[in-house]
Amino acid sequence: MDVNLVLRSTRVITPEGTRPASIAVSGGTIAAVLPYDAEVPAGARLEDVGDDVVLPGLVDTHVHVNDPGRTEWEGFWTATRAAAAGGITTLLDMPLNSLPPTTTVENLRVKQEVARSKAHIDVGFWGGALPDNVKDLRPLHDAGVFGFKCFLSPSGVEEFPELDQEQLATSLAEISGFDGLMIVHAEDPHHLAAAPQRPGGAYADFLASRPRDAENTAIENLINQARRLNARVHVLHLSSSDALPALAAAKAEGVKITVESCPHFLTLTAEEIPDGATEFKCCPPIREASNQDALWQGLADGTIDCIVSDHSPSTADLKTPDFASAWGGISSLQLGLPAIWTEARRRGHTLEDVVRWMSEGPARLAGLTRKGAIEAGRDADFAVLAPDATFTVDPAELQHRNRITAYAGKTLSGVVTSTWLRGERIADRGTLAEPSGRLLERNN
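As a convention, each chain's residues are numbered from 1 in the sequence order in which they are written. With the structure being a predicted model, the display of local features is reserved for residues of pLDDT at least 70 and the display and counting of side-chain atom pairs for 80 or more, all residues being used for whole-chain, interface and lining totals. The side-chain values count all of the structure's non-hydrogen atoms but skip hydrogen atoms and water molecules.

A few words on the environment of A383. Counting from the N terminus, the helices are DSSP H or I runs at least four residues long and the strands are E runs at least two residues long. Of note, A383 is situated in strand β15 (residues 382–392). Separated by 35 residues in sequence, A383 and S418 place their C-alpha atoms 6.2 Å apart. Here a residue-residue contact requires only that any non-hydrogen atoms of the pair lie within 4.5 Å. Residues within four places of A383 in sequence aside, it is in contact with V53, V54, L55, P56, G57, G87 and S418.

Encoded structure:
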């Protein structure tokens, strides 16, 4: 292959560990990972990033882009710019809160057409599983969605209703018939209905309205369904650490279940959230510091497979000071890597751990075999990080359409100095290139 780029650093994170290396790129693909002082092939451009760390581009499999239909909330143009600025080179878009939702092939085509010219990074799509669209699941699978999302409690938007246990079983049986993947918002509606519901600005009241038992019960039911039907399932945005023992036991037993958590659950705590600060509202909720400690242990022992953003933005007017009525969602697409690295390093973890959780793990979940690692044959997708540099989060500097963030004013470690997609620099210290992302389909 004709090498056109060599990216060199004293610290390159590869599947074999971190080492000085020169990465040879040909036609957007990693041709070889060479010794640091390897001769640059004739005609190739050398980019030496010094001591900055070269990571495989991050993969975020949980992003609400909300385009079309609610594009004022985010949109593919702004979401993918924010992702690129944060070192993310691939995202998978959730089937809601766009209008239409991605629940039929026709709706998928609408969304793909909207995204095509706006994507600064590679973009794929989840389908949605609703009570009345079982007939659409196989066609969506064949059309290239990466799996199917369902809710077990109300989603917050009327066009995407939840599944009850019987409907979940019906959809799981259909999806397991073609070895598809169901990804699940797991909160039990009966526990939520029984919890105290007090409107107002007190975070303690909101936390009480989304108890751990709601997650724990829903996850236990999901484990039972997956076991019975031999189905592949994935638990979205795990918040309750109480569910970790059941999840670990299910994995050990051979149940086909994987688990994600999110930067906000791993870096923010209930104790620090001021009353009325609904930029911190999400469902399930941010819980106590002791719960967070247990989630980190779940990452360390492998019960939790990956960390993804659950970027769920809205317009400012929907973030009212009343936790009961405010939109539930946290915007963190651009900030996930430094937020996690800041806390991971404090807890004794390495950047290799962060790569496993935020690049390799999500790529494996989605079956993205060309993503998630720096090795020959993979896409030449990289995030270049100055791990010791710090910055204070200024919402005005974010690429998100609505710059409301729970991280405002926080000082974080790790500055993304550049991001590369298939060997082309798409972000350079805050300057973004024109869109060059591709639309991805499962196994393509």
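This is not the end of the story, as more comes after the structure.
Burial here depends on accessible area, computed with a 1.4 Å probe over protein chains only, as a share of the maximum for the residue type. Under 20% is buried, over 50% is exposed, and the range in between is partly exposed. Covered by surrounding structure in strand β10 (residues 148–151) are F148 and C150 together with K149 and F151, the residues of both alternating faces. Bridge analysis of strand β9 (residues 127–128) against β10 gives two bridges, and the strand direction is parallel. Across the sheet, residue G127 finds its bridge partner in β10, namely F148. Traced from β9 through helix α3 (residues 134–142) to β10, the parallel crossover comes out right-handed. Note on pairing: two strands pair once DSSP finds at least 2 bridges between them. By the bridge criterion, four bridges tie β10 to strand β11 (residues 181–185) in an arrangement that is parallel. Directly across from K149, in β11, lies its bridge partner I183. Seen with its strands pointing away from the viewer, a crossover is right-handed when the path leading from the first strand over the helix to the second is clockwise.

By secondary structure assignment, the location of E220 is in helix α7 (residues 212–229). Overall, the relative accessible area of 41% leaves E220 in the partly exposed class. Spatially, the C-alpha atom of E220 lies 7.0 Å from that of A246, the residues being 26 residues apart in sequence.

This part covers the layout of surface pockets. Of the grid points, spaced at 1 Å and generated over the protein atoms alone, those admitting a 1.4 Å probe that cannot get out make up cavities, while open sets with protein on both sides within 12 Å along at least five of seven lines make up pockets; any residue with an atom within 4 Å of a point is treated as lining. Grid points are joined across faces, edges and corners, and a volume is the space filled by probe spheres set on the points. Reported here for the largest pocket is a volume of approximately 540 Å³. S155, R210, K281, C283 and G328 are, among the 30 residues lining the largest pocket, the residues nearest its centre. Put simply, the parts of the chain that give the lining of the largest pocket at least two residues each are β10 and α6 (203–209). Looking at the lining of the largest pocket element by element, the count peaks at three residues for α6. By the convention adopted, Pro, Cys, Tyr, Trp, Phe, Met, Ile, Leu, Val and Ala count as nonpolar, Lys, Arg, Asp and Glu as charged, and the other residues, Gly among them, as polar. For the lining of the largest pocket, the class distribution of residues is 12 nonpolar, 12 polar and six charged. In this structure, the second largest pocket spans a volume of roughly 370 Å³. Those elements that place two or more of their residues in the lining of the second largest pocket are β15 and β16 (411–421). Taken together, the residues of the lining of the second largest pocket sort by class into eight nonpolar, seven polar and three charged.

Here the nonpolar core consists of buried residues drawn from Ala, Val, Leu, Ile, Met, Phe, Trp, Tyr and Cys, with membership extended through side-chain atoms lying within 4.5 Å. Of all hydrophobic cores here, the largest spans 95 residues; its most connected members are F148, M182, L238, L247 and I286. Residues within four places of F148 in sequence aside, it is in contact with W126, G127, G128, A129, L137, L140, H141, I175, F178, L181, M182 and I183. Of all hydrophobic cores here, the second largest spans 14 residues; its members include L7, I374, F382 and V384.

In what follows, a disulfide is any cysteine sulfur pair within 2.5 Å. Inspection of the entire model under this criterion finds zero disulfides. The cysteine C150 is free of any disulfide, with C262 supplying the nearest cysteine sulfur at 16 Å. The class for C150 is buried, based on a relative accessible area of 0%. Free cysteine C262: the closest other cysteine sulfur is in C282, separated by 7.8 Å.

Stacked, edge-to-face and tilted labels apply to pairs of Phe, Tyr and Trp rings (six-membered ring for Trp) whose centres lie within 6.5 Å, assigned for plane angles under 30 degrees, over 60, and everything in between, in that order. Taken as a whole and judged by the stated rule, the model has eight aromatic pairs. Note on geometry: a ring has a charge over it if NZ (lysine) or CZ (arginine) is within 6 Å of the ring centre and within 35 degrees of the ring normal. If you follow R8 out to its NZ or CZ, it ends over the ring of Y36, 5.5 Å from the centre. Over the ring of W73 we find R70; its NZ or CZ atom is 5.3 Å from the centre of that ring.

Counting buried positions over the five residues of β11 gives five, a clear majority of the element. Here β11 shows a buried face lined by L181, I183 and H185 and a second buried face lined by M182 and V184. By the bridge criterion, four bridges tie β11 to strand β12 (residues 232–235) in an arrangement that is parallel. Residue pairing in the sheet places M182 in a bridge with V233 of β12.

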